[in-house]
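One letter stands for each residue in the lines below.
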Amino acid sequence: MKNCIAKIRKERGLTLQALADSVGASNQQISHLEKERQGLTADWLERIAIALDCHPFDLLEPDPALMSINGASLTAIERQLIFQFRRLSETEQEAVLHFLKAMTTKNS
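Description of the structure in this document. Remember, it's a predicted structure, so these values are computed and weren't measured experimentally.

## Details of the environment of Gln-17
Looking at the element boundaries, Gln-17 is found in helix H2 (residues 16-23). Residue classification places Gln-17 among the partly exposed positions, given a relative accessible area of 35%. A polar atom in the side chain of Gln-17 sits 3.3 Å from the side chain of Asn-27.

## Describing the layout of surface pockets
Of the volumes computed, that of the second largest pocket is approximately 150 Å³. Contributions of two or more residues to the lining of the second largest pocket are made by helix H5 (76-86) and helix H6 (90-106). Of the residues forming the lining of the second largest pocket, the biggest block, four residues, is contributed by H5. Considering only residue class, the lining of the second largest pocket consists of six nonpolar, no polar and one charged.

## What to know about the state of the cysteines
What makes a disulfide is a covalent bond joining the sulfur atoms belonging to two cysteines. Counted according to the given criterion, the structure contains zero disulfides. Cys-54 supplies the cysteine sulfur nearest to Cys-4, a cysteine that is in no disulfide, at a spacing of 9.5 Å.

## Side note on the environment of Gln-38
Relative to the elements of secondary structure, Gln-38 occurs in the loop between helix H3 (27-34) and helix H4 (42-52). Residue Gln-38 is classed as partly exposed on the basis of its relative accessible area, which comes to 27%. With sequence-adjacent residues up to four places away left out, Gln-38 is seen in contact with Gln-29, His-32, Leu-33 and Trp-44.

## A few points about the pattern of salt bridges
In the structure shown here, the tally under the stated rule is three salt bridges. Among the ionic pairs, Lys-7 bridges to Glu-11, the shortest N-O distance being 3.1 Å. With Lys-7 and Glu-11 both in helix H1 (residues 5-11), this residue pair falls four residues apart, about one helical turn. A salt bridge links Asp-43 to Arg-47, with the nearest nitrogen and oxygen atoms 3.2 Å apart. Taken together, the residues span about one helical turn, with Asp-43 and Arg-47 both in helix H4 at a distance of four residues.

The rules behind each value
- Residues numbered from 1 in each chain as written.
- Predicted model: local features only at pLDDT ≥ 70, side-chain atom pairs only at ≥ 80, totals over all residues.
- Heavy atoms only, no water.
- Helix = DSSP H or I, 4+ residues; strand = E, 2+ residues; numbered from the N terminus.
- Buried < 20%, exposed > 50% of the residue type's maximum accessible area, 1.4 Å probe, protein only.
- Polar contact = N/O pair within 3.5 Å; in protein donor to acceptor, adjacent residues only side chain to side chain.
- 1 Å grid on protein atoms, 1.4 Å probe; cavity = no way out; pocket = protein on both sides within 12 Å on 5 of 7 lines; lining within 4 Å.
- Points joined across faces, edges and corners; volume = space filled by probe spheres on them.
- Nonpolar A, V, L, I, M, F, W, Y, C, P; charged D, E, K, R; others polar.
- Disulfide = S-S within 2.5 Å.
- Contact = heavy atoms within 4.5 Å.
- Salt bridge = Lys/Arg side-chain N within 4 Å of Asp/Glu carboxyl O.

Below you can see the structure in the form of structure tokens.
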């Protein structure tokens, strides 16, 4: 699966070495992960996400099949909602869903 590690690392202004130091790896290991020469395990995703202050899912390139609903591409607002939703805890996600369901039921 393609990843966005290098893109996010650069957006955060980090060098390979700085990211490697923060996850306890070598810069060569990080380079191999970024270039998909080494498998990206759940452990790597979690360690790198913590170091880059993002959600592990943010490190993965989105599946184009998941970027549409009923054949229509997601809008920028919908993509932003998904991005922010993924940053919430499971409890917070459930609360947001409950709130949205209540709003849409009320407005129906």
